[in-house]
Amino acid sequence: MAVPTRTLANAVRALAMDAVEAANSGHPGMPMGMADAATLLWTEYLKHDPADPKWPDRDRFVLSAGHGSMLLYALLHLTGYERPTIEDIKGFRQLGSPCAGHPENFLLDGVEATTGPLGQGLAMAVGMAIAERHLNAEYGDGLVDHRTWVIAGDGCLMEGINHEAAGLAGHLGLGRLIVLWDDNKITIDGATSLSTSEDIEARYAAYGWHTARCDGLDAADVRRAIDAALADPRPSLIACRTTIGFGAPGKQGTAATHGAALGAEEVAAARKELGWDAPPFEIPAGIAKAWREAGKRSQSAHSHWRARLDANAGKAEFLRRMAGELPEGFSLDDYISGLIAAPQKVATRKASEMALGAVNDLLPETIGGSADLTGSNNTKTKSQNPLTKEDYSGRYLYYGIREFGMAAAMNGMALHGGIIPYGGTFLIFTDYARPAIRLSALQQVRVVYVMTHDSIGLGEDGPTHQPVEHLMSLRAMPNLDVYRPADAVETAECWELALRRAEGPSILALTRQNLPQLHTEAAPNLCARGAYRLRAASAPRRVVLLATGSEVELAVAVADALEGQGIGADVVSMPCWERFEAQDEDYRAGLLPGDSLLVSIEAGATLGWERHTGRSGLNIGLDRFGASAPGGDLMKRFGFTAEAIVPRILERLEPFE
Ligand SMILES: Cc1ncc(C[n+]2csc(CCOP(=O)(O)OP(=O)(O)O)c2C)c(N)n1
Ligand SMILES: [Mg+2]
């Protein structure tokens, strides 16, 4: 006899409450409330194969309500994934267990995205759904034909990003995206009525979504709603009315079950209520077996897919792309040789567009885009057509004014695989996208951020648009490479490095204003070391000038002036701190010798430059907001001229004399 969904779901409930109890930390309420709906989804609908968690054509499941992580760990364990084991689950939230407080994509196969920052899971799922349709357009139903499922909470649907993400999904008609909303009317502070009274279904309908409602505790009713969603061509939101902490008789329906262990007494009462007799962390054999069998449901679909893949002429290319490997021999050397032969005085944003012309021809996996600043970010190249509801094969996305949504969608595309997303906005608006940039870094995904208008040099738009603290704050983020190239050659080199970096995101900070090409001779990729000597001192060296981006040109002018007075000065271009810091001590010390005055020049916050110049160095930067005026005037006003900088250096040199 088939095991009823409710009984299967009670295994999830038991594991969730036992694990949270053992850790005395965690969130039992959400897993217990959504156990029936999630069990139905995982045992009857989700296309996946626990024996091959990376099967490219699997459905993607994103637990946007990441605090309910035990729900996902229980589902993975019960359906037969190698990890988490029951021991892993016993170690929930402890050092060494892959069952972290919130699901981490790099700790467990089957965790498609790192979630916990509410709303972002849903927004990443939109990116996954875009990736699926795009690859489907390229490779056809035979290889790419899957869905993206999300479980989202009230919190996910309150966060601003859900508006950006759902608006984009509705616009693009992503019918393979289905969101189950845990409509339990409870958040941490209590009833949702404390803080919200909007009609979420009407809002989603207005975005162009199909919406439905069901009793989330009644598997048959959830099945009815999912079937309706599957039949509808639009993305779907299914409101699943549930009771948080369902089964815990004294606490269910209250915020008390949200984020704390239920307590031994309440757990015992819940066992009784649910008719669950098994001791903690034990699943009765018949129930475990039914779960395992459900986990094998898609095996034949998987083997048929393998057969289609084997017969497909595009197999090798498809697998290459899904593995995130660049084509053999990929390089921008030819393009760079062209620059050496015919130097270009262009803004680095323009240089980026030129490099992208080569990149997009060489890499069919790129999907570019911009948050409504295409003409300013120079992110679209000639060969790119728009990706639209009518034509998902396009390789350029008009994200609209949705910086956070764009960044999260790019994370989703990168996590899905098969695509290298890049997208642009003004560097200042990394602030709007920052939580998703952070998740790019945490999740170790290759997303390239094309951030233009990178200093006061942008000019007239004024201080609201002029980044000051941004470069430094982004450098402070772990696993994010921040590039600020100085000319067209460095821009191409940085692009190549960013594309080669499969294990994390990169940001290119690019100018609006033109910069001369400082490199006129062929050389290996100098940016690869993060910093290098662009020009060595002629006179005996007393100064080393360290600069990035547009200030490298200025550093050269300063060096000229110093040399004119018999003071030797090296110019070091430092396009990427992170790469420089990865170099060996000899290289770093050789570039930044202790016997010279080390001077940093960057039109941004000075905080942090002491790391490279030492406390006795000189840090020339901008520690205030900018102003509205032409860029050249601002550079003068704020002291970014050789005339202003040379005396400051001379003053500092005197004590040495
Ligand atoms: C961006 C963000 N803000 C705040 C939190 C902290 N937080 C975690 S869960 C939660 C309440 C979420 O409510 P809901 O989604 O309804 O979950 P439920 O209590 O129903 O499980 C909050 C505020 C978070 N994880 N992410
Ligand atoms: Mg809730």
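As a reminder, the structure under discussion sits directly above these lines.
Throughout what follows, the structure given in this document is the object of discussion.

What counts, and where the lines are drawn
Numbers given to residues run from 1 along each chain, matching the order in which its sequence is written. To read the labels, note that chains go from A and ligands from 1, taken in the order they are written. Whole-chain, interface and lining totals are the exception, using all residues; otherwise, since this is a predicted model, local features are given only for residues with pLDDT of at least 70 and side-chain atom pairs are given and counted only at 80 or more. Hydrogen atoms and water are omitted, and side-chain values are computed over all heavy atoms in the structure. Relative accessibility decides the category of a residue: with a 1.4 Å probe and only protein chains considered, values under 20% of the type maximum give buried, values over 50% give exposed, and everything between is partly exposed. What counts as a helix is a DSSP run of H or I of at least four residues, what counts as a strand is a run of E of at least two, and both are numbered from the N terminus. DSSP-based pairing: two strands are paired if at least 2 bridges between them are found. Stacked, tilted and edge-to-face are the three classes applied to pairs of Phe, Tyr and Trp rings, where Trp contributes its six-membered ring and a pair requires centres within 6.5 Å; stacked means planes under 30 degrees apart, edge-to-face means over 60, and tilted covers the rest. Here, axes are lines fitted to C-alpha atoms. For helices the fit covers the stretch in contact, and angles between N-to-C directions go from 0 to 180 degrees. Like-charged residues are merged into a patch within 9 Å and nonpolar side chains (Val, Leu, Ile, Met, Phe, Trp, Tyr) within 5 Å, provided each residue has over 30% relative accessible area and no salt bridge. Only the protein chains shown count as cover for residues, and all accessible areas are computed by the Shrake-Rupley method using a 1.4 Å probe. We define a salt bridge as a side-chain nitrogen of Lys or Arg found within 4 Å of a carboxyl oxygen belonging to Asp or Glu. Donor criterion used throughout: N, O or S atom within 2.8 Å of the metal, extended to 3.2 Å for Na, K and Ca. Water excluded; incomplete-looking sites may result. We call a residue near a molecule or strand as soon as one heavy atom of that residue lies within 4 Å of the molecule or strand. Distance and chemistry together define a polar contact, namely a pair of N or O atoms within 3.5 Å, with one atom able to donate a hydrogen and the other to accept it when in protein, and with adjacent residues in sequence counting only for side-chain atoms on both sides. The nonpolar core is taken to be a set of buried Ala, Val, Leu, Ile, Met, Phe, Trp, Tyr and Cys residues, with the residues joined through side-chain atoms within 4.5 Å. Residue contacts follow a heavy-atom distance rule, with two residues in contact if any of their heavy atoms lie within 4.5 Å. If an angle is under 35 degrees, it is roughly parallel; if it is over 145, roughly antiparallel; if it lies from 65 to 115, roughly perpendicular; otherwise it is oblique. By the definition used in this description, the sense in which the near helix is turned from the far one sets the handedness, with an anticlockwise turn below a right angle giving left-handed and a clockwise turn giving right-handed. For this scheme, ten residues count as nonpolar: Ala, Val, Leu, Ile, Met, Phe, Trp, Tyr, Cys and Pro. Four count as charged, namely Asp, Glu, Lys and Arg, and the remainder, Gly too, count as polar.

The next thing to look at is the pairing of strand 18 (residues 568–573). Remark: a regular strand shows side chains that alternate across the two faces of the sheet. Burial runs high along strand 18: six of the six residues are buried. The side-chain alternation of strand 18 yields two buried faces, one formed by G568, D570 and V572 and the other by A569, V571 and S573. Both strand 16 (residues 532–535) and strand 18 contribute to a ladder of three bridges, which runs antiparallel. Of the residues in strand 18, the one forming a bridge with R535 is V571. Here strand 17 (residues 541–547) pairs with strand 18 via six bridges, running parallel.

To continue, consider the packing of aromatic side chains. All chains considered together, the criterion is met by 14 aromatic pairs. Look at W42 and F61: their rings are 5.3 Å apart centre to centre, the planes differ by 85°, and that puts the pair in the edge-to-face class. Of the two residues, W42 is situated in helix 2 (residues 29–45) and F61 in strand 1 (residues 60–63); the sequence distance between them amounts to 19 residues. W42 sits in the buried class, given a relative accessible area of 1%. With centroids separated by 4.8 Å and ring planes inclined at 85°, the aromatic side chains of Y204 and W209 adopt a geometry described as edge-to-face.

This next bit is on the sheet that holds strand 16. Across the sheet, five strands lie side by side as 16-18-17-19-20; this open sheet has mixed pairing. Each edge of the sheet is formed by a strand with only one pairing partner; in this case those strands are strand 16 and strand 20 (618–620). Strand-to-strand twist across the sheet, computed as the mean angle between neighbouring axes with direction ignored, equals 30°. One ladder, built from three bridges, connects strand 19 (residues 597–601) with strand 20; its direction is parallel. Within strand 20, the residue paired with S600 across the bridge is N619.

Attention now moves to a nonpolar patch on the surface. Together, F106, L107 and L442 make up an exposed nonpolar region whose accessible area comes to about 230 Å². Within the secondary structure, L107 sits in the loop between helix 4 (86–90) and helix 5 (120–139).

To continue, consider the coordination of the magnesium ion (ligand 2). Within the protein, the magnesium ion (ligand 2) binds to D154 (OD), N184 (OD1) and I186 (O); these donor distances fall in the range 2.1 Å. Positions of the donor residues of the magnesium ion (ligand 2), expressed as sequence spacing, correspond to D-x29-N-x1-I. Of the two residues, D154 is situated in the loop between strand 2 (148–152) and helix 6 (161–172) and I186 in strand 4 (residues 186–187); the sequence distance between them amounts to 32 residues. For the residue pair D154 and I186, the accessibility class agrees, reading buried in each case.

Attention shifts here to the site of ligand 1. As a matter of local geometry, ligand 1 sits amid 15 residues, with H67, G116, G155, N184 and H258 nearest to it. L118 is positioned with one of its backbone polar atoms (N or O) 3.1 Å from a nitrogen atom of ligand 1. Separating an oxygen atom of ligand 1 from a backbone N or O atom of I186 is a distance of 2.8 Å.

Another point: the nonpolar core. What tends to happen in soluble globular proteins is that the nonpolar side chains get buried as a cluster. Grouped together as the largest cluster of nonpolar side chains are 72 residues, with contacts concentrated most on I130, L174, L177, Y204, W209 and M413. Ranked by residues supplied to this core, first place goes to helix 5 with 11 residues. Contact partners of W209, with chain neighbours within four places excluded, come to A166, A169, G170, L177, V179, Y204, R234, P235, S236 and L237.

Residue placement: A476 occurs in the loop between helix 18 (470–475) and strand 13 (481–483). Put simply, A476 and G608 are 132 residues apart on the chain and 9.2 Å apart in space, counted from C-alpha to C-alpha.

Mapped onto the elements of the fold, D221 is located in helix 8 (residues 219–231). Look at D221 and you get buried, because its relative accessible area is 19%. Within the structure, D221 has its side chain in polar contact with the backbone nitrogen of D215 (distance 2.7 Å). Not counting residues within four places of it along the chain, the set of residues in contact with D221 comprises C214 and D215.

What follows covers the packing of helix 1 (residues 5–23) against helix 2. The interhelical angle for the contact between helix 1 and helix 2, taken along N-to-C directions, is 130°, at an axis separation of 8 Å. Taken together, the axes of helix 1 and helix 2 lie oblique to each other. Along this stretch, helix 1 crosses helix 2, giving a crossing that reads as right-handed. When helix 1 is examined against helix 2, the residues T5, R6, L8, A9, V12, R13, A16 and M17 are found in contact with a partner set consisting of P31, M32, G33, A35, D36, T39, L40, T43 and E44. Broken down by class, the residue content of the contact of helix 1 with helix 2 amounts to nine nonpolar, four polar and four charged.

Another aspect to go through is the sheet that holds strand 7 (residues 236–241). The strands making up a sheet associate through hydrogen bonds between their backbones, and the pairing can be parallel or antiparallel. Taken together, five strands build an open sheet; the order of strands is 1-2-3-7-6 and the sheet is parallel. In this open sheet, the two strands that pair with only one neighbour each are strand 1 and strand 6 (210–215). Across the sheet, the mean angle from the axis of one strand to that of its neighbour is 15°, orientation sign disregarded. Of the pairings in the sheet, the one linking strand 1 to strand 2 comprises four bridges and is parallel in character. Across the sheet, V62 pairs through a bridge with V150, a residue of strand 2. Sheet contacts for helix 7 (residues 200–207): strand 3 (177–183), strand 6 and strand 7; angle to strand 6, the most-contacted strand, approximately 150°.

When charged atoms on two side chains of opposite charge get close, those side chains can pair. Scanning the model with the defined rule gives 37 salt bridges in all. For D18, the salt bridge identified is with R271, shortest N-O distance 2.8 Å. Placement of the pair is D18 in helix 1 and R271 in helix 9 (residues 264–274), with a sequence separation of 253 residues. Per residue, the accessibility class of D18 equals that of R271, and both read buried. E496 serves as the salt-bridge partner of R500, at 2.8 Å between the closest nitrogen and oxygen. One end of the pair, R500, and the other, E496, are both in helix 19 (residues 488–500), four residues apart, so they sit about a helical turn from each other. With relative accessibility at 41%, the residue R500 sits in the partly exposed group. In the salt-bridge network here, residues are joined through shared partners; they are E132, R133, D145 and R176.

Any functional reading would require information beyond the geometric quantities listed.
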